[in-house]
Amino acid sequence: MASEYVKNGKIKLGYYILARLEQLGITKIFGVPGDFNLGWLDFIEDHKTIDWVGCCKSVFMNASYAADGFARIKQVQQVRVLCTTFGVGELSCVNGVAGAFSEHIPMLHIVGVPASHLQERHAILHHTLGDGRFDAYQKVAEHVTSYQAYITKPESAGVQVDKAIKHALKTARPTYLTLPTDLVQKWVNASPLSEPLFKGIPSNDILWAGALTSDPFLPSGTSISSDEQSFVVRRIEKMWAAAKDPVILVDACAIRFGVVHLVRDLIRKTGVRWFSSPMGKTGVSETEEGFAGVYSTHSDFSSSMSMQLQRADLIITIGTIKSDFNSGAFSWKFPTEQVVELHSDHVLIQYGRYENVSFHSILPELTASLSHPSSAPPLPKAVQMEVEKYSSNSQIKQDTFWQTCGRFFKEDDVIIGETGTALFGLLDVKMPKNSTFVGQVLWGSIGWTGGATLGCLLAAQESPVPRRTVLFIGDGSFQLTVQEVSSMIRLGLKPIIVVLENKGYTIERFIHGKERKYNDVQPWKWQQLLQLFSPHEGQYRVLKASTMGELENIFFKDEEFARADKITLLEVDLDPLDCPRALLQQSAKSGETNKYEE
């Protein structure tokens, strides 16, 4: 693409950015149009291989949610692109960008800003604070992005673009790039485009910027120390040889930094029991032999898993994030002497910390040298949660509902759980082969999945195999981001949207204020929602289940529902004071740790 726009060694800045993104295999740019980015959107819309995905303008943050969701399905570590306008647009997306920062999602946030000469004379423009400051929003970005690049002149623009992209990939976090209106059409040096940002890496297979080069480096840019790595590997080998019952725990950053294939190789080679955290769920397929469950101590299977972990004498964690919801309210209590933590930029072994090593290069060495311990106990059998017996006329209860959902899921499904009952209900559901679970465990922004589902659907479209996308979202959460259903219909996407009608914020009720009015929401007529967005006749379905018999008929007897060949909304009636057992336990812990004391 770049060569056709190069003249005398120069290329317009708008084309330069797109050329770099094309080299990295980018196919989608998410955002909302605004008067300070419209000129660059012309470049995007005319591009042959990169599509503009415009999100609903009434909820700017949905665009950031969509970019986040797209990244989680693609999983290959590759920067996702968000484009907004100065002030009102970028600030509306701060929540989504902060969530991506929190949960390690590489994202390039490009902000169209006023012309450079207007900034220089501190003009009082719309979308400003009215005091002539043009750096106020940049200061906000400093707290939720890992790198900020401010383009002010053509001579350095290409360098700034490249740095912003590289840093997003190195840190697996968002970066921030300003693009003034008067510079989009300016000619810049095209020669850097002749060299890819990461040599030797196929554009569609960027697993990690530092892992696949001849000189591996850490996210900080520091070269990996081969001597330190050899020492670390030898120490782990000795601990493994002495262990009688080692286990492996897979967490979020194994996914974010693109090493799940290396983790899977290690699990297969050693043949030991392994667990995932809530944030690491389905990073490695839960059908892999030895899977013992999602460990968070508040799980319905927590007693069984706790016993297995308590008797383990070596625990290797990979990419762990020790947040409250990801660790059972900080209840992980593994003896330090028995713990090895592998991370993208350091390794912890017992009480020692090694800074110049990474799991990217250590995992292959461990897979080559470690073997199955002869003293290891038998691998666990599949554990089924006890479910209360019910009849076809029984009211739908949370725990029964989620296990029934598990029977409906099939291979390659994308399964999205909104923060609240859906997220916690799905944690104990064993997912099918090659399925992907999506949830925002750490940031936990209510309504996030409404926008993220748009990105998930678009990413699933690019999969080599057909993938159903199933969203589970509560009525309270969906009221925040429901506008993006309009985008799904406009783009011809076909999700199954399961709305949990429980009359408000159930997760908040169980944390505090169970009977308080502030946890109530106005009921909506969900059966009329899809029609509101004007889908073509026959291209949508709306269903409702109030009893277990109705639910089972839809899940297991309705072939059209199972095919997911049109956008479908299923409303499920639930008791406002019913929640999954996992959420009941977690909310009790959260209530204790964040107690309102007099």
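Please read all numbers here as calculations on a predicted model, not as lab measurements. (Residues numbered from 1 in each chain as written. Predicted model: local features only at pLDDT ≥ 70, side-chain atom pairs only at ≥ 80, totals over all residues. Heavy atoms only, no water.)

Brief notes about the overall build of the protein
Of the regular secondary structure elements, the protein holds 23 helices and 21 strands. Its C-alpha atoms give the protein a radius of gyration of 25 Å, within 12% of the compact-globule value 25 Å for 598 residues. The principal-axis extent of the C-alpha atoms belonging to the protein is close to 70 × 65 × 55 Å. The buried share among the 598 residues of the protein stands at 60%. When the accessible surface of the protein is summed, it comes to about 24,100 Å², and 50% of that surface belongs to carbon and sulfur atoms. (Helix = DSSP H or I, 4+ residues; strand = E, 2+ residues; numbered from the N terminus. Rg over C-alpha atoms; globule rule 2.2 N^0.38 Å. Buried < 20%, exposed > 50% of the residue type's maximum accessible area, 1.4 Å probe, protein only. Areas by Shrake-Rupley, 256 points an atom, 1.4 Å probe, with all protein chains shown as cover.)

Digging into the pairing of strand 4 (residues 80-85)
In the case of a regular strand, side chains alternate between the two sheet surfaces. In terms of residue burial, strand 4 counts as a mostly covered element, since 6 of its 6 residues are buried. Side chains Arg80, Leu82 and Thr84 project from strand 4 onto one buried face, and the interleaved Val81, Cys83 and Thr85 project onto a second face that is buried too. Relative to strand 4, strand 2 (residues 28-31) runs parallel, the two sharing 3 bridges. Bridging across to strand 4, Gly31 finds its partner in Cys83. In this sheet, strand 5 (residues 107-113) lies alongside strand 4 in parallel orientation, the contact comprising 6 bridges. When the bridges of strand 5 are listed, Arg80 appears paired with Met107. (Pairing = 2+ DSSP bridges.)

Some words on unusual backbone geometry
One non-glycine residue, Asn434, lies in positive phi territory at about 60°. Within the element layout of this structure, Asn434 appears in the loop between helix 15 (421-427) and strand 17 (436-438). Unlike most non-glycine residues, Lys503 shows phi in positive territory, near 60°. Mapped onto the fold, Lys503 is located in the loop between strand 19 (496-501) and helix 19 (506-511).

Quick notes on the sheet that holds strand 10 (residues 274-276)
Strand order across the open sheet formed by 7 strands is 11-10-9-12-13-14-15, with mixed pairing between neighbours. With partners counted over all chains shown, the strands left at the sheet margins are strand 11 (291-294) and strand 15 (352-354), one partner each. The mean angle between the axes of side-by-side strands here comes to 15°, regardless of whether they run parallel or antiparallel. As judged from the 5 bridges shared by strand 9 (residues 246-250) and strand 12 (residues 314-318), these two strands associate in the parallel manner. Paired with Ile248 across the strands is Ile316, a residue of strand 12. (Axes fitted to C-alpha atoms, helices over the stretch in contact; angles between N-to-C directions.)

A short note on the sheet that holds strand 17
Taken in spatial order, the 6 strands make up an open sheet running 17-16-18-19-21-20, and their pairing is parallel. A strand with exactly one partner marks an edge of an open sheet, and here the two such strands are strand 17 and strand 20 (540-545). Strand after strand, the sheet turns through a mean of 15° between neighbouring axes, direction not considered. In this structure, strand 18 (residues 469-474) lies alongside strand 19, joined through 5 bridges in parallel fashion. Bridging from a neighbouring strand, Ile473 pairs with Val499 of strand 19. Helix-sheet contacts for helix 14 (residues 398-408) involve strand 18, strand 19 and strand 21 (567-573), and the interaxial angle to strand 19 is about 170°. (Contact = heavy atoms within 4.5 Å.)

A look at the pattern of salt bridges
One pass over the structure, following the stated rule, counts 26 salt bridges. Taken together, the shared-partner salt bridges in this structure form one network comprising Lys28, Asp51, Lys74 and Glu462. (Salt bridge = Lys/Arg side-chain N within 4 Å of Asp/Glu carboxyl O.)

Re the confidence of the model for the protein
Summary statistics for the protein give a mean pLDDT of 90 and a share of 91% for residues scoring 70 or more. Under a pLDDT of 50 for its full length, residues 200-214 has, in the predicted model, 40 contacts with residues more than four places off or in other chains. (pLDDT = per-residue confidence, 0-100.)

Some remarks on the state of the cysteines
For the coordinates displayed, the defined rule picks out 0 disulfides. In this model Cys93 remains outside any disulfide bridge; the closest cysteine sulfur is found in Cys55, 8.5 Å from its own. There is no disulfide at Cys253, and the cysteine sulfur nearest it, in Cys456, is 18 Å away. (Disulfide = S-S within 2.5 Å.)

Focus on helix 5 (residues 94-102)
Those residues of helix 5 not exposed but buried are Gly96, Val97, Ala98, Gly99, Ala100 and Ser102. Contacts from the buried residues of helix 5 go to helix 3 (61-74), strand 4, strand 5, helix 7 (136-144) and strand 7 (174-180). Just past helix 5, the residue His104 takes up positive phi, approximately 60°.

Some details on the packing of helix 9 (residues 226-242) against helix 13 (residues 359-369)
The geometry of helix 9 relative to helix 13 is characterised by a closest axis approach of 10 Å and an angle of 40° between their N-to-C directions. One way to sum up the angle between helix 9 and helix 13 is to call them oblique. Handedness of the helix 9/helix 13 crossing: right-handed. Where helix 9 approaches helix 13, its residues Gln229, Val232, Val233, Ile236 and Glu237 are matched on the opposing element by Ser361, Ile362, Glu365, Leu366 and Ser369. (Parallel < 35°, antiparallel > 145°, perpendicular 65-115°, else oblique. Left-handed = near helix turned anticlockwise from the far one by under 90°.)

With respect to the environment of Lys74
Residue position: Lys74 is located in helix 3. Residue classification places Lys74 among the partly exposed residues on the basis of a relative accessible area of 27%. Between the C-alpha atom of Lys74 and that of Glu462, which follows or precedes it by 388 residues, the distance is 8.7 Å. Not counting chain neighbours up to four residues away, the residues in contact with Lys74 comprise Arg80, Ala459 and Glu462. Within polar-contact distance, the side chain of Lys74 engages the side chain of Glu462 at 2.7 Å. (Polar contact = N/O pair within 3.5 Å; in protein donor to acceptor, adjacent residues only side chain to side chain.)

As for the nonpolar core
Counting 79 residues, the largest nonpolar core has Ile318, Leu342, Phe401, Phe472 and Leu570 as the members making the most contacts within it. Setting aside its immediate chain neighbours within four residues, Ile318 contacts Ile248, Leu249, Val250, Asp251, Ala254, Val263, Leu266, Leu342, Phe359 and Leu363. Judged by nonpolar contacts, the second largest core, of 47 residues, contains Phe60, Ile73, Cys93 and Leu529. (Core = buried A, V, L, I, M, F, W, Y, C linked by side-chain atoms within 4.5 Å.)

Some thoughts on the environment of Met107
Among the structural elements, Met107 can be located in strand 5. Sequence separation between Met107 and Ala164 is 57 residues, and the spatial gap between their C-alpha atoms is 9.6 Å. Other than its neighbours up to four places away in sequence, Met107 contacts Ser64, Ala67, Asp68, Val79, Arg80, Leu82, Val97, Ala100, Ala168, Arg173, Pro174 and Thr175.

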